[in-house]
Amino acid sequence: MPSQFFGLNIAYKGLLASNAALTTTANNISNVQTEGYSRQETPQQASMPIRVFQTYGCAGAGVEVFSAERIRDEFYDGKYWRSNTTTGEYDMKNYYMEQVETYFDDDGMNAGFKTIFDQFNITGLEELLKNPGSDKIKSQYVGSAGNLTEYFNGLAGNLENLQRDINLEVKSKVDEITSLAGEIATLNTQINIIEVGKDVTANELRDRRALLIDQLSAIVDVSVTENKVIDPHYPDRDTGSTRYIVRIAGGQMLVDGSDYRRLECKAREDFEKVNQSDVDGLYDVYWNDGSEFNIYNASMGGQLRGLVDMRDGNNGEEFYGMITATSVGEGGAKDTVTVEVGEHYLKDLNKCNLSDQGGKILLGNQEFYYDDWSCTISYDDNGEAKYSYTFELSQDTALNERRITNDRVGMKASVGHNLDYQGIPYYMSQMNEWVRTYSEKYNTILHSGYDSYGKQGINLFTADIGNGEQYAFPDGGRFDTFSYEEFQKNGAITVKSTDDSYYRMTARNYGVQKAVQADPSLLANKYSQGDGVEQSDLLRDLQSLGTDRKKMSFRGSNAGEFLQCMLSDVALNASGAKQFYECNAEIRDTIDVQRMAISGVDEDEEAMNLVKYQNAYNLSAKMIQVFQEIYDRLIRETGV
Amino acid sequence: MRITNKIMQRNNLNNINTNKVYQDKLSTQMSSQKKISRASDDPVVAIRALRLRSNVTEVTQYYSKNIPDAKSWLEVTEGALKNQSQVMTDMISQCTKGANGDLTPEDRGIILDQLQALSKEVYSTANADYAGRYVFTGYRTDTPLSFIQGQEKTYEIKEQIDRNALSGVTKVESGNMLEWTAANSDTISKTDEQSIESVDVYRIQLAYKDCSSEYAPRILYKDENGDAVGLDCITMHSYEKDPSPYKEASLDDDARIYVPETGEILLGKNAYQQLMAVKDDISTSKNEGEIQVVYRKDTWDAGDLRPEHYFCCKSDPDTEDEIEYNNSFASQRDAVYEQYQKDEEELLEHANAIQEAYPTVNYISATDYELITKDRKKLADLDEEESALTAERDATGTTDKRIAKIDERLAEIAKERDALNAEINECYDNEPDPDIDQLMADDRHMADLDSQIQTMQGQINTLRAEKSSLQAEQSALNAEYETADATRKAQITARLGQINSRISSIDGEVSSLNAQLTPIVKERDDLQSFNDDWKKIQHLEDELTFMEREDEAQIIEYDVGFNQTIRVNSTAGECFQHGIGRTVDDLVVALQEVSDLEEIKTKIKSAMDAEMEGSTKYKTLKGQYQAADKALSLAKDKTQKMFESGITTFQKYLNDVSLSITNCGNRSKKLELIENRMQDQKTTFETLRSENEDADIAETAIQLTSAQLTYEAALMATGKVSQNSLLQYI
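Just so it is clear, the model here is predicted, and its values are computed rather than measured. (Residues numbered from 1 in each chain as written. Chains lettered and ligands numbered in written order. Predicted model: local features only at pLDDT ≥ 70, side-chain atom pairs only at ≥ 80, totals over all residues. Heavy atoms only, no water.)

Draft legend 1. Broad picture of the sheet that holds strand β10 (residues 264-267) of chain B. Residue and element names in this part refer to chain B. Spatially, the 5 strands line up as an open sheet ordered β4-β5-β10-β9-β8, and their pairing is mixed. Only two strands of the sheet have a single partner each, and these edge strands are β4 (166-173) and β8 (234-235). Sitting on the sheet, helix α13 (residues 616-693) touches β4 and β5 (197-205), and the angle it makes with β4 is about 155°. (Pairing = 2+ DSSP bridges. Helix = DSSP H or I, 4+ residues; strand = E, 2+ residues; numbered from the N terminus. Contact = heavy atoms within 4.5 Å. Axes fitted to C-alpha atoms, helices over the stretch in contact; angles between N-to-C directions.)

Shown next as structure tokens:
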């Protein structure tokens, strides 16, 4: 027979349980809009019954609440982080490609390349063809050439600014990673303090930690492991503490329990440039212990990946070749290394995007700094063209700790990284190629003719050196026209990076010869010196240079179709980025909804709980009242 | 699945956003009228739009700008040509009048004025311009076709002609008849009937009159071996009488006489036939250019056609600064020029070597040498004349008067000879300038060498003859020796000894003479080859000069469609030939001559009428009157014939003009067709462009309305869902 007061105790337990449920409900309701909050439940169970020696055997001992549980399925967390990483990458690409697209846009009103080139090559030239002797019309034509060069200057300037912006964002994202890592490490400590030794869960702190990982996963790919800490003396004992490890960028340790690593950005020096077109001070990222954080790691994801792809994407066209010769400079001469190349984009100096201010070259597995380079074309005995680049290595011992050795011959050499995305360096390089090839061919035609004064034609397109001076480009210097016969006659040709070759012309410094701007009569229009002013045979060749694929081919199209080529890249990349972003964002949101479906607080449910637990509470309270009445009866009125 | 309020809120918000994005897209389409707002919306449309817009730009350029410009140009040309046609018709009617035999002096005066006025009109028409650009001047639209003002500027002109340009011309040799006045009627010579005659010669009529008399033209052609041949001309002036250039040309079969004033090269019969034998070169335009004449002209009158529009020419030929060749044979010329330079170098090297080898030899310049040769010929002529005169003088029956005349002439000859000799000596003494003139070895030295060689060879020959006679004697003596007796044998032996010693001394002399002779012969040969070099270089220069020739027609074409051009200009060569002016010049000169002779004749008549019939004076005057009459009738005859041929000539020019007008008209017609087609194409491309990139407003409007409905529905649904919760019911 149980205690006479047993029932009162049971009612009291019910009261406690309902109270706990009600406070949990209150907590859920107040956190209904809290980001990352997981709803909690207070699971109840009937207390151990008490054996009473009665006919009915055991008596129920009421209810007990054993924990406040967080309702969360961590399987969805992992899924969410992965898809958030992909979404982050395409979010960045989408955002920046949209800007690139705006720069390249040409809708007829907002004048882009095609409109400007048509004004130059159709409207301007047709008028000039009708009246080649008129200075006024030549002046208009030269003016439209100015528009063309300014278009490229502007475009290149915009892309440079964009590259700068992206670079700054790389820094802020890297800083954000470090700051998130710090917070996570702090939370790890707090969680362990709460959880150690006791069978409790730090619900809110864990929610906050998961939220931080949510944020981190947008920036960079993460993988998280949480292991229980085992007491080696009593392996079976549950110590309650855990070791929480966060890895990023393909498995590089970021947080390990209460420790975390910092990332730092270091701006590149002038002599560390990778691409000719790169703006100054692009960031490389290092761990605080000095080791390099490889941002070109193929398994890296997230916004950082998107930013790096946009900033440095070269369509997989990095400088790459085989070392064929090395020489150790004597008597103050520099060490040199000669690299033979086979890639199509390295066989044409007009496509070259190697830095002209020196940079880093990977020879075998060792990085060297080079000051200068030159490019040589020769032919072997079978009449096959051979292209090689010779790099002059820096003598600064702070940069090159050791000198080149002969055993590197036969090893691979590369400059920059293979980044198979069409980022800003790719567009810059495409523009440079067009600008150089078109200008060179255009100028060569002008050179072979005569101007209004009967003097030999001079360059129209040139490049600004700065301080008001312009390059004077000679004819030729282009490798695809250097034939075997010429080689046999004159030997190999070598162009140094510092020579006045068209390599030095870029979309950024593209310009119109000032002399021709000042006096348009200097524009050649005829091939024969003695012909009259109306002769326009040369102008016709200039016109067909823009329209005839045989005269100038840019990626298999004619010169005037430059924008079609570029726009198809840009538009496809932009729409690709947009579609990937939308698609991934949808997947991410779906996963998030699934997560919310489990962990989210539902108002109706909580209202129902409120009613439910209030009723239970009321009932328990009623129970106590009933027992009170029973005791009243029993003690005061029964047998007294 | 468990749905929380937050999920519902989020889904609803997402849906509302999707609807808004769609609405935004549609309203942007409505307001911009474009299907896409950025290329990534639809890359295919965006890229196609670029091409189509480019096409529209191009067609618009053709249709709205190039075709109207071409049209105006053609209109200006057509107007000028019609005017030209009228002028030609008028010329023909003037010629028809002139061909009438019975013309009064007044008639002639009128015709003369009319012709001159018309001739001026021709060239002012030719200066027609379109917006400040001269339309008939090929590529040189900045230069008028003719000189606007008279000008002093030396041009070296290379006129390219063919055999058809060689023609016969009749010239009335009127002696001094035109200088007759009442005062000089007694003393004036060459006014008798014998000295009046009509001379027929062949000529090349150059494009210009009043050419430079400083520079003798050179005629170039290719012989049957394809080598360039250059012929020099002798300059004679039109005012020269006794003989006049025409007379000279009719007498000398090889004559090539350049008359700068009238711009003619008169040809003797042989010279004419030589040029007529030049073959047609079908590779040249209009089969012309087989014969080239290089000449210069320094002074230009207003209205003279500028030569650069017609001929390959250099202004300022003595400096290389201002070269105005128009040359379509540049590559061929370069090859020849290269060869020329190489050959010239070799020849010069050779010449230098010789010059170094013979430092004592006197050298004279080639021009001096030419002068000397000419003077020598003149001297020979003088000698011949002198001997004829002397013979006549010494012959019996020569009148005293005649002897006096002969003496007078002999004295003159002596003077002339002195002058010529002085000139020759001066030439020899001139210090030659090797930079300007090719050097020639002194021919006197050559003659000296020749005579030395001759003397020595004579000596050698004598010695050789002696030797052979001695050898004959020797063999005879040898034969005799067998049969001879002892004394004879001794004699023979002695004689043979003499002979042998003589023969060996002869051999010695001969070999010493030969040793002397060899260097002289070598020098002679070397100097000869040295002199030949100059001719070779001259030949090379001819080759080179021949290569440089007039350009092909300078056609200006406008782009009027895709890969379609139309020629807008007519060149002066097609309708404004030099021949028009030159024919008028000829006619004017002939008419003037007739008028002048008529006047003289009238004057003589009146002078004659004043004299007593039968007086000496009267007789002289009568003779002169008859001479004048003869001259006049010859001149009239000639003039009438010239007018008759003038009709044909101008008819030919009229045909040329009509052809040009027809061509021009055809082009206008073609242009109209192209214009229509371009209009169609423009519409087509604009439609295509619009279909590609422009939004369909009706469709978009309907879509927008339905999008708005959807949006409202979404708002309503969200509103309803988020309003209620269970709390409201408990």
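Draft legend 2. Region of the structure containing the nonpolar core. Membership of the largest hydrophobic core comes to 108 residues, with the highest contact counts inside it found for A:Phe104, A:Phe152, A:Ile248, A:Trp434 and A:Tyr438. Examining the composition of this core, we find that 21 residues originate from one element, helix α4 (residues 135-195) of chain A, more than from any other. With residues near it in sequence (within four places) discarded, A:Ile248 still touches A:Ile177, A:Leu216, A:Val220, A:Asp221, A:Val222, A:Leu254, A:Leu263, A:Trp287 and A:Phe293. Grouped together as the second largest cluster of nonpolar side chains are 86 residues, B:Cys211, B:Val278, B:Ala572 and B:Met678 included. (Core = buried A, V, L, I, M, F, W, Y, C linked by side-chain atoms within 4.5 Å. Buried < 20%, exposed > 50% of the residue type's maximum accessible area, 1.4 Å probe, protein only.)

Draft legend 3. How the structure looks around unusual backbone geometry. One non-glycine residue, A:Asn315, adopts positive backbone phi at about 60°. Note that A:Asn315 resides in the loop between α6 (302-312) and β13 (319-327). Its identity is not glycine, yet B:Asp210 carries a phi of approximately 50°, on the positive side. Residue placement: B:Asp210 occurs in the loop between β5 and β6 (218-222).

Draft legend 4. Here's a closer look at the interface of chain B and chain A. Taken together, the contact pairs 52 residues of chain B with 54 residues of chain A. Considering only the surface of chain B that becomes buried against chain A, B:Arg2, B:Leu50 and B:Tyr139 emerge as the three largest contributors, covering 16% of it. On inspection of chain B and its partner chain A, the count reaches 7 salt bridges. B:Arg38 is paired through a salt bridge with A:Glu101; the nearest N and O atoms lie 3.2 Å apart. Our enumeration of links across chain B and chain A arrives at 29 residue pairs in polar contact (both at pLDDT 80 or more). Mapped onto the side of chain B that touches chain A, the elements with two or more residues apiece are α1 (5-32), α2 (43-99) and β15 (557-561) of chain B. Its residues placed into classes, the side of chain B that touches chain A shows 17 nonpolar, 17 polar and 18 charged. (Buried area = accessible area lost by both parts, 1.4 Å probe. Salt bridge = Lys/Arg side-chain N within 4 Å of Asp/Glu carboxyl O. Polar contact = N/O pair within 3.5 Å; in protein donor to acceptor, adjacent residues only side chain to side chain. Nonpolar A, V, L, I, M, F, W, Y, C, P; charged D, E, K, R; others polar.)

Draft legend 5. The side chain of B:Asp375, seen in detail. Among the secondary structure elements, B:Asp375 is positioned in helix α7 (residues 366-394). In this structure, B:Asp375 is in contact with B:Leu420, B:Glu423 and B:Ile424, ignoring residues within four places of it in sequence.

Draft legend 6. Representation of the pairing of strand β12 (residues 283-287) of chain A within the structure. All names here are of chain A. With 5 of its 5 residues buried, β12 lies for the most part within the structure. Of the two faces of β12, the one carrying Tyr283, Val285 and Trp287 and the one carrying Asp284 and Tyr286 are both buried. Sheet analysis places strand β11 (residues 263-267) next to β12, joined by 5 bridges and oriented antiparallel. When the sheet's bridge partners are listed, Glu264 is paired in β12 with Tyr286.

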